[in-house]
Amino acid sequence: MIRLAEPADLPHLPEIDVAAGSAFRDVGMDAIADDDPPPLALFETHFAEGRLWVWAEHAQRPVAFCLVDIVDGNAHIEQISVHPSHARRAIGAALIDHLDEWARDRGLPELTLTTFVDVPWNGPYYRRLGFTAIADDDLGPGLRAVLDAESERGLDRWPRIAMTRHVPIEPGPTTPSSARSS
Ligand SMILES: CC(C)(COP(=O)(O)OP(=O)(O)OC[C@H]1O[C@@H](n2cnc3c(N)ncnc32)[C@H](O)[C@@H]1OP(=O)(O)O)[C@@H](O)C(=O)NCCC(=O)NCCS
């Protein structure tokens, strides 16, 4: 199930990020797999501001998380990671759908993210979830700054894009927050 993160979750989240990132080795992007996880302070800030969700089975430790910022007046997915032990069960999709309600409650009209264009579980995956690429001329200053900061970290060695998806005005069918069972 999806829930807001609790303090006991936080120490597990960098490990989830590292494990999820190891998939990039399969497509020759070892430098991304070797990237340090976000610092604990980032998780703590998002936790304190209610912008960090996890997916966990009942009272167990989390296996996925999602960090959100507000960028250019939209809900921006700063990071989403699903541990490989629980990958491809639609947990990522359920976490993203869960953000619609949070964004709608705050009058934020779009979900945005930045991602690698060609990695199967990045650009093509988000496209299937209803995200579309934002043309360079349409980037807001905040998203441009996010992409620039990513370039400074060397992420632009592979093509990257910003993507967006409308937040539905009305709540949709209940999100299967438990995602696909194993
Ligand atoms: C992106 C991510 C959060 C998706 O989480 P998830 O719960 O596995 O996602 P879903 O089950 O909703 O969908 C997974 C889809 O991604 C694609 N995918 C995932 N792993 C893949 C792989 N190794 N090869 C090809 N496609 C893959 C498939 O299209 C898959 O759908 P399918 O299982 O129906 O074929 C997860 O893959 C992850 O943590 N990746 C590493 C970190 C990352 O890239 N984060 C996003 C940064 S923008």
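For the structure, see preceding data.
Scoring rules and cut-offs
Residues numbered from 1 in each chain as written. Predicted model: local features only at pLDDT ≥ 70, side-chain atom pairs only at ≥ 80, totals over all residues. Heavy atoms only, no water. Near = heavy atom within 4 Å. Polar contact = N/O pair within 3.5 Å; in protein donor to acceptor, adjacent residues only side chain to side chain. Helix = DSSP H or I, 4+ residues; strand = E, 2+ residues; numbered from the N terminus. Nonpolar A, V, L, I, M, F, W, Y, C, P; charged D, E, K, R; others polar. Salt bridge = Lys/Arg side-chain N within 4 Å of Asp/Glu carboxyl O. Buried < 20%, exposed > 50% of the residue type's maximum accessible area, 1.4 Å probe, protein only. Phe/Tyr/Trp six-rings, centres within 6.5 Å; stacked < 30°, edge-to-face > 60°.

Engineer: Sorry, what's going on with the site of the ligand here?
Structural biologist: Every one of the 20 residues lining the ligand counts as a neighbour, but Val82, Ala90, Gly92, Tyr125 and Arg128 are closest to it. A distance of 3.0 Å separates an oxygen atom of the ligand from a polar side-chain atom of Asn122. Elements supplying a minimum of two residues to the shell around the ligand: strand S4 (74-82), helix H4 (91-105), strand S5 (110-116) and helix H5 (123-128). A breakdown of the residues in the shell around the ligand according to their chemical character gives 12 nonpolar, five polar and three charged.

Engineer: Which parts of the structure should I look at to understand the pattern of salt bridges?
Structural biologist: Any two side chains of opposite charge can pair, on the condition that their charged atoms come close. Inspection of every chain in the model, using the stated rule, returns nine salt bridges. For Asp35, the salt bridge identified is with Arg153, shortest N-O distance 3.0 Å. Linking Asp35 in the loop between helix H2 (30-33) and helix H3 (40-48) with Arg153 in the loop between helix H6 (141-152) and strand S7 (160-166), this pair joins segments that are 118 residues apart in sequence. Residue classification places Asp35 among the partly exposed residues on the basis of a relative accessible area of 28%. A salt bridge links Arg51 to Glu49; its shortest N-O distance comes to 2.0 Å. Within the structure, one salt-bridge network assembled from shared partners comprises Glu49, Arg51 and Asp69.

Engineer: I would appreciate a short explanation of the packing of aromatic side chains in the present structure.
Structural biologist: Pairs of aromatic rings are described using the distance from one ring centre to the other and the angle between the two planes. Across all of its chains, the model carries seven aromatic pairs by this definition. Plain terms: the ring middles of Trp53 and Trp102 are 5.6 Å apart, the flat faces sit at 80° to each other, and that makes the pair edge-to-face. With Trp53 in strand S2 (residues 52-55) and Trp102 in helix H4, the pair connects residues that are 49 residues apart, well separated along the chain. There is no split in this pair, since Trp53 and Trp102 are both buried. Where Phe116 meets Trp158, the ring centres are 6.2 Å apart and the plane angle is 90°; that geometry is what we call edge-to-face. With Phe116 in strand S5 and Trp158 in the loop between H6 and S7, the pair connects residues that are 42 residues apart, well separated along the chain. For Phe116, a relative accessible area of 4% translates into the label buried. Classification of Trp158 by relative accessible area gives partly exposed; the value is 23%.

Engineer: How do you make sense of the side chain of Ser81 when you look at a structure like this?
Structural biologist: Tracing the chain through its elements places Ser81 in strand S4. For Ser81, a relative accessible area of 4% puts it in the buried group. Within the structure, Ser81 has its side chain in polar contact with the side chain of Asp17 (distance 3.1 Å).

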